[in-house]
Amino acid sequence: SRLRRLGMMLSSSCSQNHLALVDVKGFDPSDISVVVRDGKVTVSAEHKEEHNTALGKTCNYRKFMKEFSLPPGVDEDEVTYSV
């Protein structure tokens, strides 16, 4: 289950580093952007789908943004992330 995998990810961290998990379900990795600047980490995602049907055009649009402040003393150049 997803909760079990999450628990394994958290318990596998063997250092004192901070770990933030962001649920970006429904977004492709290419839709996701991570920016580290001015002591903050910003995770954003945007996805747009357009479909032509017999009745006309439909459009689905989703946007997500989450921002975290880095703890004092953390070097922005040392921040890593994965999707």
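For every chain, the first residue of the written sequence is number 1, and numbering continues from 1 along that sequence. Where totals are concerned, whole chains, interfaces and linings use all residues; where local detail is concerned, this predicted model gives features only for residues with pLDDT of at least 70, and gives and counts side-chain atom pairs only at 80 or more. Heavy atoms throughout the structure, all of them, feed into the side-chain values; hydrogens and water do not.

An unreviewed UniProt entry annotates the protein as Outer dense fiber protein 1 of Eulacestoma nigropectus. One UniProt comment on the protein, placed under Function (unreviewed entry), says "Component of the outer dense fibers (ODF) of spermatozoa. ODF are filamentous structures located on the outside of the axoneme in the midpiece and principal piece of the mammalian sperm tail and may help to maintain the passive elastic structures and elastic recoil of the sperm tail." UniProt positions are given in the numbering used here, feature names are shortened, and annotations may be inferred rather than shown by experiment.

Caption draft 1: Inspection of the side chain of H47 at higher detail. Position of H47 relative to the elements: it lies in strand β2 (residues 40-53). In this scheme, a residue with accessible area under 20% of its type's maximum is buried, one over 50% is exposed, and one in between is partly exposed, where area comes from a 1.4 Å probe on protein chains only. The class of H47 is buried, set by a relative accessible area of 14%. Separated by 2.8 Å, the side chains of H47 and D31 make a polar contact. Setting aside its immediate chain neighbours within four residues, H47 contacts F27, D28, D31, N60, Y61 and R62. Comment: elements are numbered from the N terminus, with helices defined as DSSP H or I runs of at least four residues and strands as E runs of at least two. Counting of polar contacts relies on pairs of N or O atoms within 3.5 Å, with two restrictions inside protein: one atom must be capable of donating a hydrogen and the other of accepting it, and residues adjacent in sequence are counted only when both atoms are side-chain atoms. What makes two residues a contact is simply this: any of their non-hydrogen atoms within 4.5 Å.

Caption draft 2: Focus on the side chain of D31. Positionally, D31 belongs in the loop between α1 (2-11) and β1 (32-37). Here D31 sits buried without a salt bridge, and the closest side chain of opposite charge, R62, lies 5.4 Å off (N-O distance). The convention is simple: Lys and Arg are positive, Asp and Glu are negative, and His and the chain ends are not counted. Salt bridges, as used here, are contacts in which a Lys or Arg side-chain nitrogen is within 4 Å of a carboxyl oxygen on Asp or Glu.

Caption draft 3: Fine view of the environment of R37. As for its position among the elements, R37 is in strand β1. Taking relative accessible area as the criterion, R37 reaches 53% and is therefore assigned exposed. Between the alpha carbons of R37 and E76 there is a distance of 7.1 Å; along the sequence they are 39 residues apart.

Caption draft 4: Representation of unusual backbone geometry. Residues other than glycine seldom take positive phi values, yet D38 does so here, at roughly 55 degrees. Relative to the elements of secondary structure, D38 occurs in the loop between β1 and β2.

Caption draft 5: Region of interest: the pairing of β2. Whether two strands pair depends on DSSP finding at least two bridges between them. Looking at chain direction, β1 and β2 are connected through six bridges and run antiparallel. The partner of V34 across the bridge, within β2, is V43. Between β1 and β2, which pair antiparallel one after the other, the connecting turn spans two residues, and D38 there sits at a positive phi close to 55 degrees. Note that β2 and strand β3 (residues 56-69) share 14 bridges and pair antiparallel. Bridge pairing in β3 places V41 opposite F68. In sequence, β2 turns back onto β3 through a hairpin of two residues.

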